[in-house]
Amino acid sequence: SALALVTLVGLITIAVSTYMITYSHKLYEWCEPLLGGFERRETPREPQEGALLQGRRYDVVLFGLGRLGTAIAARLQQRGTRVLGVDFNPAIVRQRRELPFDVEYGDATDAEFLASLPLRQATWAVSTIPVHLTGLMHDDTRLAIVQALRAAGFGGRIAVASHHAHHRAALLEAGADLVLEPIIDAAARAVELLSAPTPDHPR
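Residues numbered from 1 in each chain as written. Predicted model: local features only at pLDDT ≥ 70, side-chain atom pairs only at ≥ 80, totals over all residues. Heavy atoms only, no water.

Enquirer: Even after reading the chapter, I still don't get the pairing of strand β1 (residues 60-63), so can you show me in this structure?
Expert: For a regular strand, the rule is simple: side chains alternate between the two faces of the sheet. Burial along β1 is two-sided: Val-60 and Leu-62 facing one way and Val-61 and Phe-63 facing the other are all buried. As paired elements, β1 and strand β2 (residues 83-87) share four bridges and run parallel to each other. Bridging from a neighbouring strand, Val-61 pairs with Leu-84 of β2. In this view, the connection linking β1 to its parallel neighbour β2 by way of helix α4 (residues 67-78) has right-handed handedness. Here β1 runs beside strand β4 (residues 124-127); their pairing, made up of four bridges, is parallel. (Buried < 20%, exposed > 50% of the residue type's maximum accessible area, 1.4 Å probe, protein only. Helix = DSSP H or I, 4+ residues; strand = E, 2+ residues; numbered from the N terminus. Pairing = 2+ DSSP bridges. Right-handed = clockwise from strand over helix to strand, strands pointing away.)

Next comes the structure, spelled out in structure tokens:
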């Protein structure tokens, strides 16, 4: 009887925890109002770098400083657009701080971190963070970022990069204003350049 009980409890907890981890962001949103009573009052917190940026103004806050994100941020900065780049990888943050735009370390899905960023004046929030489809379950980081930005009170426009066309509808439905498709966008730009008339070969 003990073996049967332990087996049953194990199966139930495995099944329930799978869904709780998958939908952790939504569950936290539902439970957040009830958790305030468990927080310690006057608990000293570690200083956050994001708080140092509050006095600064940015036109674009860009999450994900891989090759695509870095290229976008650098070109926007060259055009006079004030850009703040955010990444969760400390090594990437150290490397990108050598570039001519501000860089911040942090988790884009963390509502508390987003609240520390100077989002009020930003026109765009851009996510180039890829989706890693690994394991039995995964949480779409792009959807979590869109939801976290809206929860933080961001009133600007949100652009999200997607490498799969069938994700476009879900991202727009979640609240994204623009879906960037790097391969398709690059191909379209290449066609424009190749089709443009040249002095030697006018159309």
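Text resumes after the structure shown.
Enquirer: Looking at this structure, how should I read the pattern of salt bridges?
Expert: Oppositely charged side chains may form a pair once their charged atoms are brought near each other. In total, this model carries five salt bridges according to the counting rule given. In this structure, the salt-bridge partner of Asp-177 is Arg-150, at a minimum N-O distance of 3.2 Å. Taken together, the residues span a long stretch of sequence, with Asp-177 in the loop between α8 (168-174) and β6 (178-180) and Arg-150 in helix α7 (residues 141-151) at a distance of 27 residues. (Salt bridge = Lys/Arg side-chain N within 4 Å of Asp/Glu carboxyl O.)

Enquirer: Would you explain the side chain of Thr-70 in this entry?
Expert: Within the secondary structure, Thr-70 sits in helix α4. Classification of Thr-70 as buried rests on a relative accessible area of 12%. A polar contact is formed between the side chain of Thr-70 and the side chain of Arg-96, at a distance of 2.7 Å. Those residues in contact with Thr-70 that lie beyond four places of it in its chain are Leu-65, Arg-96, Leu-99 and Phe-101. (Polar contact = N/O pair within 3.5 Å; in protein donor to acceptor, adjacent residues only side chain to side chain. Contact = heavy atoms within 4.5 Å.)

Enquirer: Just to check I follow, could you spell out the environment of Arg-157 for this structure?
Expert: Assignment of secondary structure puts Arg-157 in strand β5 (residues 157-161). On the basis of relative accessibility, which here comes to 43%, the residue Arg-157 falls in the partly exposed class. Each C-alpha atom of the pair Arg-157 and Asp-177 lies 5.9 Å from the other, and the pair is 20 residues apart in sequence. If we ignore the near neighbours within four places in the chain, the residues touching Arg-157 are Thr-123, Trp-124, Ala-125 and Asp-177.

Enquirer: In this structure, what is going on with a nonpolar patch on the surface? I would like to understand it.
Expert: A cluster of nonpolar side chains, contributed by Leu-8, Ile-12, Val-16 and Met-20, occupies part of the molecular surface with about 360 Å² of accessible area. For Met-20, the position within the fold is in helix α1 (residues 2-22). (Patch = residues over 30% accessible without salt bridge, like charges linked within 9 Å, V, L, I, M, F, W, Y side chains within 5 Å. Areas by Shrake-Rupley, 256 points an atom, 1.4 Å probe, with all protein chains shown as cover.)

Enquirer: Quick question: what am I supposed to make of the environment of Leu-178 here?
Expert: Along the chain, the position of Leu-178 falls in strand β6. For Leu-178, a relative accessible area of 35% puts it in the partly exposed group. Apart from the residues lying within four places of it in its own chain, the contact partners of Leu-178 are Trp-124, Ile-158, Ala-159, Val-160 and Leu-172.

Enquirer: Looking at this model, I keep getting lost on the nonpolar core. Mind explaining?
Expert: Where a protein is soluble and globular, its nonpolar side chains tend to be buried together. In terms of nonpolar packing, the biggest core is built from 22 residues, with Val-61, Phe-63, Val-86, Leu-117, Leu-149, Phe-154 and Ile-158 touching the most fellow members. Looking at this core, the element that brings in the most residues is α7, giving four residues. Those residues in contact with Val-61 that lie beyond four places of it in its chain are Leu-84, Val-86, Leu-117, Leu-119, Ala-122, Trp-124, Ala-125 and Val-126. Counting 11 residues, the second largest nonpolar core, distinct from the first, contains Leu-65, Ala-73, Val-126 and Ala-159. (Core = buried A, V, L, I, M, F, W, Y, C linked by side-chain atoms within 4.5 Å.)

Enquirer: Looking at this structure, I do not really get the side chain of Ser-116. What am I missing?
Expert: Note on placement: Ser-116 falls in the loop between α6 (111-115) and β4. Reaching out from Ser-116, the side chain makes a polar contact with the backbone oxygen of Phe-113 at a distance of 2.6 Å.

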